[in-house]
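In case you want the letters, here they are:
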Amino acid sequence: MKNREFTFTMIKPTAIRFGKLVPILDEINHAGFAVIAMKMTRLSKAQAEKFYAIHKERPFFEELVSFMSSGPVLAAVLQKENAVQEFRKLIGNTNPQSAEEGTIRKKFAISIQENAIHGSDSDQNALIETNFFFNQFEIFSNNESFL
Ligand code: CMP
């Protein structure tokens, strides 16, 4: 598979708690992304620490880990040309106050931490984050194994 064709996303606990899961998936669908893997799961604190290990020195790390393990998340792998960049445009700035009108975070985020959705920031991280949640038997495109 060409790395540039896919990205990883995770819809965060408060977005799910407040009934925004389907509306967010609708936005993703309308933006032309194909879902090639998807699962709803709940992260343990240890798993959330591992997923966000890159932020472990940041002052918000502990709170982020508590938040991300506070309820179910929806993890998915999405396919589109230039997926990482296109998806980051769709979700908008990390801080919803700075996110452009029409972006998912502008519409659905509560705060910079509870910002509704995660999107990979590079092709390399898209692969790492996909492998964190999915194995090769769980990723499909048009009924064919994607890998
Ligand atoms: P995400 O795109 O998942 O990547 C790292 C996450 O850390 C980010 O979204 C936010 O949920 C959280 N985050 C980033 N910056 C801050 C901040 N200044 N305060 C609290 N949480 C933050």
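Conventions adopted
Residues numbered from 1 in each chain as written. Predicted model: local features only at pLDDT ≥ 70, side-chain atom pairs only at ≥ 80, totals over all residues. Heavy atoms only, no water. Helix = DSSP H or I, 4+ residues; strand = E, 2+ residues; numbered from the N terminus. Rg over C-alpha atoms; globule rule 2.2 N^0.38 Å. Buried < 20%, exposed > 50% of the residue type's maximum accessible area, 1.4 Å probe, protein only. Contact = heavy atoms within 4.5 Å. Near = heavy atom within 4 Å. Polar contact = N/O pair within 3.5 Å; in protein donor to acceptor, adjacent residues only side chain to side chain. Areas by Shrake-Rupley, 256 points an atom, 1.4 Å probe, with all protein chains shown as cover. 1 Å grid on protein atoms, 1.4 Å probe; cavity = no way out; pocket = protein on both sides within 12 Å on 5 of 7 lines; lining within 4 Å. Sits in = over half its atoms within 2 Å of the grid points. Nonpolar A, V, L, I, M, F, W, Y, C, P; charged D, E, K, R; others polar. Pairing = 2+ DSSP bridges. Axes fitted to C-alpha atoms, helices over the stretch in contact; angles between N-to-C directions. Phe/Tyr/Trp six-rings, centres within 6.5 Å; stacked < 30°, edge-to-face > 60°.

Student: Help me understand the overall build of the protein in this model?
Tutor: Looking only at helices and strands, the protein features 7 helices and 6 strands. Along the chain direction, N to C, the helices and strands of the protein fall in the order β-α-α-β-α-α-β-α-α-β-α-β-β. The C-alpha atoms of the protein give a radius of gyration of 14 Å, which matches the 15 Å a tight globule of 147 residues would have. Taking all 147 residues of the protein together, 44% fall into the buried category. Summarising the internal contacts of the protein: among those between residues at least 6 apart in sequence, 77% fall at separations of at least 24.

Student: Please explain the site of the ligand as it appears in this structure.
Tutor: Near the ligand, the surroundings consist of K12, Y52, H55, F60, L64, T94, R105, I112, Q113, N115 and H118. A distance of 2.6 Å separates an oxygen atom of the ligand from a polar atom in the side chain of Y52. When the ligand sits alone it has 460 Å² of accessible area, and the protein chains cover 80% of it. Here the ligand occupies the largest pocket. For the shell around the ligand, the residue count by class is 4 nonpolar, 5 polar and 2 charged.

Student: Mind showing me how you'd approach the side chain of T9 here?
Tutor: Within the secondary structure layout, T9 lies in strand β1 (residues 6-11). Here H118 takes part through its backbone oxygen, which lies 2.7 Å from a polar atom of the side chain of T9. Not counting the four nearest positions on each side in its chain, T9 is found in contact with L74, A75, A76, L78, F87, I117 and H118.

Student: Which parts of the structure should I look at to understand the sheet that holds strand β3 (residues 73-79)?
Tutor: Within a sheet, neighbouring strands are paired by backbone hydrogen bonds and run either parallel or antiparallel to one another. Strand order across the open sheet formed by 4 strands is β2-β3-β1-β4, with antiparallel pairing between neighbours. On the outer flanks of this sheet lie β2 (34-41) and β4 (117-119), each paired with one strand and no other. Each neighbouring strand pair of the sheet contributes to a mean axis angle of 15°, computed without reference to strand direction. With 6 bridges connecting them, β1 and β3 associate as antiparallel partners. In the strand pairing of β3, T7 is matched with L78. On top of the sheet, helix α7 (residues 123-133) reaches β1, β2, β3 and β4; it is set at about 55° to β1, its chief contact.

Student: Can you walk me through the packing of aromatic side chains in this structure?
Tutor: To describe a pair of aromatic rings, one takes the distance between the centres and the angle between the planes. Scanning all chains against the criterion turns up 8 aromatic pairs. For the pair F51 and Y52, a centre-to-centre distance of 5.0 Å together with 85° between the ring planes defines the contact as edge-to-face. Neither F51 nor Y52 differs from the other in exposure class; each is buried. In this structure an aromatic cluster arises from ring pairing among F8, F51, Y52, F132, F133 and F134.

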